[in-house]
Amino acid sequence: ILGADGVAAPPGSFDGEIRILTAGLSATIEVVSVDGELWAKLPMTNEFARVDAAALGFSDPGVLLDPERGVSQLLRSAVDPVQSDPTRIGADVVDEITATLPGQLVGSVLTIADPDAEVAAAFAVEAETGHLRRAVLSGPFVGEGTQSYTVLLDDYDQAVAISAPPH
C-alpha cells in the first residue's frame, strides 16, 4: 500500500481509495470494508467484487479503527513509551508519544515484511479529548529497509453510514 484516503467508522468499516504498488505498477482502487468483508473495484473493472485483502498483499482497511485490533491496540501496546512536550496539529494541542512496537503486532493491522522486527512509533494524542490524531509507524513494511506509514485521523464523532456496495 502506498497510501489511502477515506472515511472510517468504528468498529470495522472503511470507504475510500487505496493506492497500491504491484508488479512495479501503481494503481488506485476503490474499496469498501464492512465488518470483515472487503469489496474492491479492481483496475479495469467497473463493479465492486468481494476480495481477500491478504491475497492482494495488504490488510483490511476496516480494521484500522477497530478498538481491539486497530491502531488503538498499537497505542495501548507501546513498549517503553516516552511522552514529549505538547505540540499542535492545527488548532489542537497534542501529546507526542514515541515508542517501539513488535512487528508481529503491527502486522495484524498493516502488512509487514518482517514480523520479527521492531517498529518505531510516534503517536499524537489530543490532550483535551484523548483522541488519537496521528500515528507514524516506521519499519520493514515492504522488502528490505525502512518505510513509514502515517495515519491521520480527524473529524471524530461525525455520523457516517458505510454499507456494502451493490455487487
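So, here's what we can say about the structure. (Residues numbered from 1 in each chain as written. Predicted model: local features only at pLDDT ≥ 70, side-chain atom pairs only at ≥ 80, totals over all residues. Heavy atoms only, no water.)

Section: the sheet that holds strand β4 (residues 37-41)
Logical step 1: Across the sheet, which stays open at both edges, the five strands sit in the order β1-β2-β3-β4-β5 with antiparallel pairing between neighbours. Here the strands that pair on one side only, and so sit at the sheet edges, are β1 (3-9) and β5 (49-51). Pairwise comparison of adjacent strand axes, ignoring direction, gives a mean angle of 35 degrees for this sheet.
Logical step 2: Of the pairings in the sheet, the one linking β1 to strand β2 (residues 13-22) comprises seven bridges and is antiparallel in character. What sits directly across from valine 7, in β2, is aspartate 15. (Pairing = 2+ DSSP bridges. Helix = DSSP H or I, 4+ residues; strand = E, 2+ residues; numbered from the N terminus. Axes fitted to C-alpha atoms, helices over the stretch in contact; angles between N-to-C directions.)

Structural notes on the side chain of serine 59
Logical step 1: Within the secondary structure, serine 59 sits in the loop between α1 (53-56) and α2 (71-76).
Logical step 2: A polar contact is formed between the side chain of serine 59 and the backbone oxygen of valine 109, at a distance of 3.3 Å.
Logical step 3: Engagement of the side chain of serine 59 in a polar contact is seen with the backbone nitrogen of threonine 111, the distance being 3.2 Å.
Logical step 4: For serine 59, the residues in contact, after removing those within four places along its chain, are Ala53, Gly107, Val109, Leu110 and Thr111. (Polar contact = N/O pair within 3.5 Å; in protein donor to acceptor, adjacent residues only side chain to side chain. Contact = heavy atoms within 4.5 Å.)

Things to note about unusual backbone geometry
Logical step 1: With omega at 10 degrees, the peptide bond leading from proline 10 into proline 11 counts as cis.
Logical step 2: You can see proline 11 is positioned in the loop between β1 and β2.
Logical step 3: For methionine 44, which is not glycine, the phi dihedral falls at a positive 65 degrees.
Logical step 4: Checked against the element boundaries, methionine 44 lands in the loop between β4 and β5.
Logical step 5: Looking at methionine 44, the relative accessible area reads 89%, which means it is exposed.
Logical step 6: One non-glycine residue with positive phi stands out, namely aspartate 80, at about 55 degrees.
Logical step 7: With respect to the helices and strands, the residue aspartate 80 is situated in strand β6 (residues 79-83). (Buried < 20%, exposed > 50% of the residue type's maximum accessible area, 1.4 Å probe, protein only.)

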